[in-house]
Amino acid sequence: MPLLAFETSCDETSVAVVRDGYVLWSAVSSQIKLHAEYGGVVPELAAREHLRNLLPVAEAALAGAGVKPHQLNAVAATRGPGLPNALLVGFKAAQGMAFVLRKPFFGIHHHEAHLYSPWITGNPLAAEFGAFEPNVSLIVSGGHTMLVHVESELKHRVLGSTIDDAAGECFDKVGKLIGLPYPGGPEIDRLARLGNPKAYDFPRPLLRDATDDFSFSGLKTSVRYFLRDHPEIAEDAERIHDLCASVQAAIVEVLVTKTLRAAKRLGVGCVTASGGVTCNRALRASLTAGCREAGLKLRLAEPSLCTDNAAMVGILAERKLMNQSEETSLDAEIMPGWELE
Ligand code: KG4
Ligand code: ZN
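The structure reproduced in this document is the subject of the present report. Computed from a predicted structure; not experimentally measured.

Looking at the overall build of the protein chain
Then comes step 1: When its secondary structure is counted, the protein chain shows 11 helices and 12 strands.
Then comes step 2: Compactness check: the protein chain gives a C-alpha radius of gyration of 20 Å against a globular reference of 20 Å for 341 residues, within 12% of the reference.
Then comes step 3: Along the first, second and third principal axes, the C-alpha set of the protein chain runs to 65 × 45 × 35 Å.
Then comes step 4: Evaluated residue by residue, the protein chain yields a buried proportion of 54% over its 341 residues.
Then comes step 5: Surface accessibility of the protein chain: about 14500 Å² in total, with carbon and sulfur atoms responsible for 52%.
Then comes step 6: Here the protein chain contributes 33 positive and 40 negative side-chain charges, whose respective centroids are spaced 3 Å apart.

Right under this line is the structure:
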């Protein structure tokens, strides 16, 4: 029996239909272009755009899956963390549907959903929980950077997270300093391909510290001072390539080193990664090489599932339904500051 899932925690309006571990349809409407002219996500605009897009996106998901509302078995939505007014749109719509259909409702933790997105793969997309094994999971996006020990299905422990900026935020802020369009991450990734990652030496914050926490604001500040002291670089296309490659190398080295170190320390045989920054080519290549060398299995979320999507929310909710996890009350509230336990 199919389950309908909503995700509106930030700037993607997404609705998915899942059944028996398969993603029957995942519809995503991205607001990136809307926010680009402001250089970042504007919360009020995001919420209004979700309101405008939610029903057409839900119609598209149901039509694509060939499922009628009365055939749904359960409804789920991201409950937090996220932008309050953005979360409200998907969460309240989902509760309304569950109420009308008299079906179970699941309010899902956004980061917990990310933990399972690397297990959704193939064509058609399906969750490979049969192959599940304990892992260290890197969640790395514009809003979060964290390492989580996933001990077993639905059981996890946060090892560390960023104490200031997220890695994606660092990419985006450095992009802004260089004068690149928003979001800077994909632009830096593109320009870095033609650059020398060893051209400039930027700090690798907390790399040598035993902690699993991250910090990226100092790296961004060092790029600001670097550009202040070398303004000519911003005018030189070739050196911009080198600058992008060098900043990217610093971010990637920190992410990969800390992830592999945690995996070795905990004795897990598997590493997973998800979140928008997991689209980054250098990060994918470096995690692939590092895991091969360390004898670890690696599961990278499919690029279409790296960024926020309702498919991961639906897959996790269905798992909770099957495990008879507690349902979420229909008068439960959103939790914008919900921390992963
Ligand atoms: O997961 P996501 O769509 O949204 C949240 O922040 O939750 O991630 C967006 C972030 C942005 O900071 C964007 O610059 C970054 O992911 N990003 C990338 C790449 N693609 C997206 N960063 C580096 N390289 C990329 N290829
Ligand atoms: Zn996310």
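Read on for the rest.
Examining the site of ligand 1
Then comes step 1: G142, D172, D189, G276 and N280 are the nearest of the 19 residues found near ligand 1.
Then comes step 2: S141 places a polar side-chain atom, nitrogen or oxygen, 3.4 Å from an oxygen atom of ligand 1.
Then comes step 3: G185 is positioned such that a nitrogen or oxygen atom in its backbone is 3.2 Å from an oxygen atom of ligand 1.
Then comes step 4: Protein contact buries 90% of the 540 Å² of open area that ligand 1 shows by itself.

Description of the side chain of T78
Then comes step 1: Along the chain, T78 falls in strand β4 (residues 74-80).
Then comes step 2: Side chain to side chain, T78 and E7 meet in a polar contact 2.5 Å long.
Then comes step 3: For T78, the residues in contact, after removing those within four places along its chain, are F6, E7, S9, L87, F91, I108, H110 and V313.

Brief notes about the sheet that holds strand β12 (residues 297-300)
Strand pairs in the sheet, formed through backbone hydrogen bonds, run parallel or antiparallel to each other.
Then comes step 1: Spatially, the 5 strands line up as an open sheet ordered β10-β9-β8-β11-β12, and their pairing is mixed. Edge positions in the sheet fall to β10 (155-161) and β12, since each of these pairs with one other strand and no more. Within the sheet, the average angular offset between the axes of one strand and its neighbour, ignoring direction, is 20 degrees.
Then comes step 2: Two elements, strand β8 (residues 135-140) and strand β9 (residues 145-152), share 6 bridges in a ladder whose sense is antiparallel. Looking at the pairing, N135 lines up with V150 of β9.
Then comes step 3: Along the sheet, helix α9 (residues 281-294) makes contact with β8, β11 (270-274) and β12, crossing β12 at roughly 165 degrees.

Things to note about the layout of surface pockets
Then comes step 1: The calculated volume of the largest pocket comes to roughly 1200 Å³.
Then comes step 2: Around the largest pocket sit 47 residues that line it, and S141, G142, G143, G168 and D172 are the ones nearest its centre.
Then comes step 3: Its residues placed into classes, the lining of the largest pocket shows 18 nonpolar, 20 polar and 9 charged.
Then comes step 4: Both of domain 1 (3-125 + 305-322) and domain 2 (133-301) provide at least three residues apiece to the lining of the largest pocket.
Then comes step 5: A volume near 360 Å³ is recorded for the second largest pocket.
Then comes step 6: If you trace the second largest pocket, you find 19 residues lining it, with G107, H109, E112, K320 and W338 closest to the centre.
Then comes step 7: For the lining of the second largest pocket, the elements supplying multiple residues, two or more each, are β5 (105-109) and β10.

Thoughts on the pattern of salt bridges
Then comes step 1: Applying the stated criterion across every chain yields a total of 18 salt bridges.
Then comes step 2: With a closest N to O distance of 3.2 Å, E169 and K173 form a salt bridge. Of the two residues, E169 and K173 are both situated in helix α5 (residues 167-178); the distance of 4 residues between them amounts to about one turn of the helix.
Then comes step 3: Accessibility expressed as a relative area gives 25% for E169, which makes it partly exposed.
Then comes step 4: By relative accessible area, which is 30% here, K173 ends up partly exposed.
Then comes step 5: Linking D212 and R265 is a salt bridge whose minimum nitrogen-to-oxygen distance equals 2.7 Å. Taken together, the positions of D212 in the loop between α6 (184-192) and α7 (217-229) and R265 in helix α8 (residues 237-266) put the pair 53 residues apart, joining distant regions of the chain.
Then comes step 6: According to the relative accessible area criterion, D212 is buried, its value standing at 7%.
Then comes step 7: Taking the relative accessible area as the measure of exposure, R265 reaches 48% and is therefore partly exposed.
Then comes step 8: Members of the salt-bridge network, linked through shared partners, are D165, E169, K173 and K220.

Considerations on the state of the cysteines
Then comes step 1: Within the structure shown, the criterion is met by 0 disulfides.
Then comes step 2: Cysteine C279 is unpaired, with the sulfur of C306 as its nearest cysteine sulfur at 4.2 Å.
Then comes step 3: For C279, a relative accessible area of 33% corresponds to the partly exposed category.
Then comes step 4: C291 takes part in no disulfide bond, and the closest cysteine sulfur, belonging to C270, lies 8.1 Å away.

The rules behind each value
- Residues numbered from 1 in each chain as written.
- Chains lettered and ligands numbered in written order.
- Predicted model: local features only at pLDDT ≥ 70, side-chain atom pairs only at ≥ 80, totals over all residues.
- Heavy atoms only, no water.
- Helix = DSSP H or I, 4+ residues; strand = E, 2+ residues; numbered from the N terminus.
- Rg over C-alpha atoms; globule rule 2.2 N^0.38 Å.
- Buried < 20%, exposed > 50% of the residue type's maximum accessible area, 1.4 Å probe, protein only.
- Areas by Shrake-Rupley, 256 points an atom, 1.4 Å probe, with all protein chains shown as cover.
- Lys, Arg positive; Asp, Glu negative; His and termini not counted.
- Charge placed at Lys NZ, Arg CZ, Asp CG, Glu CD.
- Near = heavy atom within 4 Å.
- Polar contact = N/O pair within 3.5 Å; in protein donor to acceptor, adjacent residues only side chain to side chain.
- Contact = heavy atoms within 4.5 Å.
- Pairing = 2+ DSSP bridges.
- Axes fitted to C-alpha atoms, helices over the stretch in contact; angles between N-to-C directions.
- 1 Å grid on protein atoms, 1.4 Å probe; cavity = no way out; pocket = protein on both sides within 12 Å on 5 of 7 lines; lining within 4 Å.
- Points joined across faces, edges and corners; volume = space filled by probe spheres on them.
- Nonpolar A, V, L, I, M, F, W, Y, C, P; charged D, E, K, R; others polar.
- Domains from an automatic or database assignment.
- Salt bridge = Lys/Arg side-chain N within 4 Å of Asp/Glu carboxyl O.
- Disulfide = S-S within 2.5 Å.

Taken by themselves, the reported measurements are silent on function.
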